[in-house]
Amino acid sequence: MKKINIIFSSLLLAASLLVTSIAQAKDIKIGVSFRMLSDVGYKHGELIQDTVAEWNSSGGINGKKVDLILYNDECKSEKGVANATKLAYQDNVHVIIGSSCSSVTLPMVPVITKAKVPQIIPHSTSSKITLQGSEWIFRVPVSSRFYKIVQAKFTAENAGTKIAHIYVPDQASMDFSKSMIAYVKDEYGVDPVYEAQAGEKETDFRSYLLKAKATNPDALVCSGLVDETVRCLVQSYEVGIPKSVARVANSVASKVEVPTNAGKAAVGVSYAAAFAASDTRPIAKKFVKHIKSRYGVVPGHDFSQMEDLLTMLKPALEKAEKRFSGDLASDRKAVRDSIAGITNFTGLASGPISFCAAGTPECRDGNRTPVMIEYTKGGKNWKTKVAGTVTFNASAGL
Amino acid sequence: MDKFKEIIRQYPFLGFIIAFIILMLIPSVFFTDLYQSHLASLICINIIVAAGLNIVKGFCGQVTVGHVGIYAVGSYTAGCMFLYLGSSLWLTLPAAILIAGLFGVAFAIPSFRLEGPYLALATLGGGEAIRLFIENGDFFMSTYGISNISQPVIFGVPFDTPDKYYYIAMPVMLIAIYFSFSVLRSSVGRAFMAVREDPISAAASGINVKKHKMLAFVLSAMFAGGAGAVYAHLPPGYIHPNNYTVIEMVTFLAMVVFGGLGHIWGGIIGAIIITIVYDLTRPLYEYQLFIFGLTIVFTILFMPKGIGGFIDKYFIDRRFKTKTGAMSK
Amino acid sequence: MLLKTNKLMKAFGGLKAINKVDFELPANEIRGIIGPNGSGKSTFFNLVSGVYEPDPGSYIEFDGKDITNEPPHKVGELGLARTFQLLRLYQDMSVINNVMSGYHTLVPYNFIDAVTGRKKIWDQEKVIKEEMMELLSFVGLADYAELNASELSGGQRRLLVLARAIAGKPKLLMLDEPAAGLSPVNVDNLMKILMRLKEKYGLTLIIIEHILKVVMDTCSKVTVLDHGEKIAEGAPSQIKDDNAVIEAYLGKKMDDEEMRKALAV
Ligand SMILES: Nc1ncnc2c1ncn2[C@@H]1O[C@H](COP(=O)(O)OP(=O)(O)OP(=O)(O)O)[C@@H](O)[C@H]1O
Ligand SMILES: [Mg+2]
């Protein structure tokens, strides 16, 4: 008797779940999967929830309510794949937002491609993601293929093409210098005026710096890990390389140890980013103030990219909704096409973002304008300013 | 009913054939979407690992916190064989099981001298060392993982969607369970338990303690390795070092603890329940770790032998009572 | 000789726990070992069964084979079984599994059979289980077969370790204080069961026991240890009157009244 009761009540429960899911089928569903581990991670989640709540309270998408389904993938591909599969096949979402780590977004792409659900990336930068050729993936952040050559382009355009390279035998440091050398050679046909690979664990770069100095370069590249970069920068002033020679470091320059430890020698060193809190545009200032007051943190590029993503997604959804037929597959296609139609979106990103129909990196790496941030003061109370932006053509770095 | 049980006990293979038929039918009867198949495959993979872990931890009593490393060995054996040799699951699975078994030998050696927390530390170190090794090697495509590891093709049909892959993962799981049941119900299983309970008196009964520790480690490593390979090929066929951390290890351990350490069904029950509960609490991501921590603490406090032990106790007590009750009459 | 030791020695630091003990035991005998606390009785067992490694110069022979440096499981395989003073039950295993693991060396199938789960092994398991259930009935624990060993009473536990040791059909069974802590009625019961088992399996026995009555009643010969040395050996009646033994064991010579009390327990 008891067993029958249990079976009966569970059937009832299943039926009621079914009914509610049918009732909800009319809403527009957005699924989210990204890393929400730390305090800041949760705040990204809150940003999405608050934004969607605002949409809903101001009439939703053409009067339709937006359902938000938020999952955490902890930066683990196993969870990301499961989330994508669940969102695509069980939660029946119209569009997926995700993810943070490239190693999670990468395997999500084949999943959503097979399921034919559009996905729009808030954070992952790996160029491999869009190289897979999926028509269902869109990227808001700047692709790593641009980051890889942005210093080269920025230096050549702003300082000159007479460049001296000193790098340490670490893989990343060597790659940075080599790809910079290749870029300048390809674009300008110029070889470096000086190139030296320091020895393993070497801490005194002065002999290299003196030789570099003798070549009278426009720019000096110190490519190493944090410590080596700092030493190289400081020693470059010790050997008397003038201030007018631009100092260039690889992406370690964005770590706080560089300005803190290099002190004055860090001034003028720049790094590429997707967003700078020191951005002086009114839209950026307003956003920084808003995030600070609401979530108590200074927003980095992860906040700004999520904000841009949501801002461009809303009108795209509105446009797509007009073509909704109630059939999930065709509605998803409508959303995809509508996102692919976004051109020249201007938001917090330093340049316009444009997508197009083909499933190629040219079409789907929509943001091609990293911003260069430069140290204006070193030491503990280091300061930065926006030094400028670099805009790439769609096929750069491929 | 008793007669049926007796027949199953006599012909264990029959039980597995029945289970196989039921499990083959489950998707078409109960599953309403592909995600359920994906989850079912994940459950199968977790069952394999947990059943293996139950052999070494539950039955043989050897603490190991390095098993996730061996799981990674299985995954990366499969991943690398696919990447460099283009091998399919039919080749990578046995290779992964074999290589994981060799790693099992390495993990068993500290257990000859160390016990409890010290052994835990040693195995933890081993597991982490494997992950760090993978993480820092270009050979393993550490940064962006190994992608698009192929799915098997049978009679020209590629098993490349979650619903189809279930029919790969499930039989592998059943075979693993079959092996685990066979071993644990035999004299070898009893010897494992004896080693766990008291190695000195086990030795006095003629049980070679070192040999059985080694067997337990190697067997359970083979389970983990096989599971790792099945995971590597799971659509979309992607592996990355991030999936083999201590957190995954704790989850595997939680499965065995919750299901019942040293209970023959322990790892299986635990893997099913924990994977499903984890899935149901996905939207509650902020509290998930808390919920899981609480579950483990409550299990250890109030059900030290997990669900399996709890159920067992209930039936055995009842049987014992009817027996002694009959006696007193 | 079934068991023979020659100049058996074991020192823990400066303490000579066993000092040059020569010991000989023919098959089918019941030997008692007595001696005050700390005299080295348990150490003697541990040395013979391979739990401790004897000091150089020692020699142990069992059933015609040199087992001086064999590991304990090898000694067990050869047919030397023992119980422990602290029982060492498998607490968290069922009573039947406790006994069945004592059968380990006689299991007719190998590891590969076990992994592959061939039908043959289930038939063999069934036979083993039946046999072990019979043994449990013999010691009166059949009804408790499925219970955890930890749920047994003290007396039942002593019966269980006995059953476990006999399960492997040993040639020699060494019992370390099998009756310790039992009430007189239970001591009698245990000894009765033990004698029946000896008959049934044709066992040779060595019994360490502080309850003198047990030793005097059951053993055909008694070896006395003191400070790790063998100080006397002989029939119980002889030992009872040996001055050295009385001094060592009882501290002083007892009058008849005291002796009667000690033996009555
Ligand atoms: N593992 C060990 N390490 C150090 N000393 C030991 C060890 N085992 C035994 N001893 C010492 O050896 C001596 C003999 O101990 P043993 O246990 O053999 O005595 P026993 O005759 O069995 O005594 P009892 O009647 O109390 O059981 C004791 O002094 C004991 O402290
Ligand atoms: Mg003793």
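Shown above is the structure to which this text applies.
This one's a predicted model, so the numbers in the text were calculated from it and none came from an experiment.

(A) Spotlight on the sheet that holds strand β11 (residues 365-367) of chain A. Residues and elements named next belong to chain A. Strand order in the open sheet made by the six strands is β2-β1-β3-β4-β5-β11, with parallel pairing throughout. For this open sheet the edge positions go to β2 (66-72) and β11, each flanked by a neighbour on one side alone. Across the sheet, the axes of successive neighbouring strands diverge by a mean angle of 20 degrees, strand direction being ignored. In this structure, strand β1 (residues 28-34) lies alongside strand β3 (residues 95-97), joined through three bridges in parallel fashion. In the strand pairing of β3, Gly 31 is matched with Ile 96. Against the sheet, helix α2 (residues 39-57) touches β1 and β2, its axis set at about 175 degrees to β2. Along the sheet face, helix α12 (residues 301-321) touches β1, β3, β4 (119-121) and β5 (137-142) and points at about 175 degrees away from the line of β3.

(B) Layout of the state of the cysteines. Residue and element names in this part refer to chain A. Counted according to the given criterion, the structure contains three disulfides over all chains. The disulfide partner of Cys 75 is Cys 101, and the S-S distance across this bridge is 1.9 Å. Here the S-S torsion is close to -120 degrees, and the disulfide linking Cys 75 with Cys 101 is therefore left-handed. Remark: Cys 101 occurs in the loop between β3 and α4 (102-115) and Cys 75 occurs in the loop between β2 and α3 (77-90); sequence separation between them is 26 residues. Owing to a relative accessible area of 13%, Cys 101 belongs among the buried residues under this scheme. Linked covalently through their sulfurs, Cys 222 and Cys 232 form a disulfide whose S-S length is 2.0 Å. With the S-S bond torsion at -60 degrees, the cross-link from Cys 222 to Cys 232 turns out left-handed. Of this pair, Cys 222 sits in strand β8 (residues 219-223) while Cys 232 sits in helix α9 (residues 226-238), and the two are 10 residues apart along the sequence. Per residue, the accessibility class of Cys 222 equals that of Cys 232, and both read buried.

(C) A look at the site of ligand 1. Residue and element names in this part refer to chain C. In the vicinity of ligand 1, 15 residues are found, and the nearest of them are Lys 41, Ser 42, Thr 43, Gln 85 and His 210. Between Ser 39 and ligand 1, the recorded distance is 3.2 Å, taken from a backbone N or O atom to an oxygen atom. Between ligand 1 and Tyr 52, the relevant distance is 3.0 Å, taken from a nitrogen atom to a side-chain nitrogen or oxygen of the residue. When isolated, ligand 1 has an accessible area of 630 Å², and the protein chains bury 65% of it. Where the shell around ligand 1 is concerned, the elements lending two or more residues are β2 (15-25) and α1 (41-48). Of all the elements, α1 adds the most residues to the shell around ligand 1, at three residues. Along the lines of polarity and charge, the residues of the shell around ligand 1 split into five nonpolar, eight polar and two charged.

(D) Molecular detail of the interface of chain B and chain A. Every contact between the two is made by 29 residues of chain B and, on the other side, 27 residues of chain A. Inspection of the region where chain B meets chain A yields three salt bridges. Among the salt bridges present, the one from Lys 76 of chain A reaches Glu 248 of chain B, with a minimum N-O distance of 3.1 Å. Elements represented by at least two residues in the side of chain B that touches chain A include exactly α3 (34-59), α12 (266-280) and α13 (285-302) of chain B. Top element by residues in the side of chain B that touches chain A is α3 of chain B. It accounts for five residues. Residues of the side of chain B that touches chain A, tallied by class, amount to 13 nonpolar, 10 polar and six charged.

(E) Local environment of the environment of Thr 260 of chain A. Residue and element names in this part refer to chain A. In this fold, Thr 260 is placed in helix α10 (residues 257-262). Classification of Thr 260 by relative accessible area gives partly exposed; the value is 30%. Placed 117 residues apart in sequence, Thr 260 and Lys 377 show a C-alpha to C-alpha distance of 9.5 Å. Within polar-contact distance, the side chain of Thr 260 engages the backbone oxygen of Val 256 at 2.4 Å.

(F) The arrangement of the pattern of salt bridges in detail. Inspection of every chain in the model, using the stated rule, returns 35 salt bridges over all chains. For Asp 67 of chain A, the salt bridge goes to Lys 65 of chain A, with nearest N and O atoms at 2.8 Å. Given a relative accessible area of 12%, Asp 67 of chain A falls into the buried group. Look at Lys 65 of chain A and you get partly exposed, because its relative accessible area is 44%. The residue Asp 279 of chain B makes a salt bridge to Lys 86 of chain A at a minimum N-O spacing of 2.9 Å. Taken together, the positions of Asp 279 of chain B in helix α12 and Lys 86 of chain A in helix α3 put the pair across two chains. Looking at Lys 86 of chain A, the relative accessible area reads 6%, which means it is buried. Look at the salt bridges and you will find they share partners, linking Glu 29, Arg 31, Lys 230 and Glu 233 of chain C into a network.

(G) Structural detail: the coordination of the magnesium ion (ligand 2). At the metal site, the magnesium ion (ligand 2) is ligated by Ser 42 of chain C (OG) and Gln 85 of chain C (OE1), and these contacts range over 1.9 to 2.1 Å. Placement of the pair is Ser 42 of chain C in helix α1 and Gln 85 of chain C in the loop between β6 (80-82) and α3 (95-102), with a sequence separation of 43 residues.

(H) Quick peek at the interface of chain B and chain C. In this assembly, 40 residues from chain B lie in contact with 39 residues from chain C. Between chain B and chain C, a total of about 3,500 Å² is buried, with carbon and sulfur atoms accounting for 60% of that surface. Counting across the chain B and chain C interface gives three salt bridges. One salt bridge connects Arg 88 of chain C with Asp 198 of chain B, and the closest N-O pair in it is separated by 2.9 Å. Here chain B is connected to chain C by 13 residue pairs in polar contact (both at pLDDT 80 or more). Going through the elements one at a time, α1 (2-10), α7 (162-185), α8 (187-197), α9 (199-204), α10 (209-233) and α14 (306-328) of chain B are the ones with two or more residues in the side of chain B that touches chain C. With eight residues, α8 of chain B is the largest single contributor of residues to the side of chain B that touches chain C. Tallied by class, the residues present in the side of chain B that touches chain C amount to 20 nonpolar, nine polar and 11 charged.

Rules of the game
Residues numbered from 1 in each chain as written. Chains lettered and ligands numbered in written order. Predicted model: local features only at pLDDT ≥ 70, side-chain atom pairs only at ≥ 80, totals over all residues. Heavy atoms only, no water. Pairing = 2+ DSSP bridges. Helix = DSSP H or I, 4+ residues; strand = E, 2+ residues; numbered from the N terminus. Axes fitted to C-alpha atoms, helices over the stretch in contact; angles between N-to-C directions. Contact = heavy atoms within 4.5 Å. Disulfide = S-S within 2.5 Å. Buried < 20%, exposed > 50% of the residue type's maximum accessible area, 1.4 Å probe, protein only. Near = heavy atom within 4 Å. Polar contact = N/O pair within 3.5 Å; in protein donor to acceptor, adjacent residues only side chain to side chain. Areas by Shrake-Rupley, 256 points an atom, 1.4 Å probe, with all protein chains shown as cover. Nonpolar A, V, L, I, M, F, W, Y, C, P; charged D, E, K, R; others polar. Salt bridge = Lys/Arg side-chain N within 4 Å of Asp/Glu carboxyl O. Donors = N, O, S within 2.8 Å, 3.2 Å for Na, K, Ca; no water. Buried area = accessible area lost by both parts, 1.4 Å probe.

Remember that the coordinates give geometry; whether it matters functionally is a separate question.
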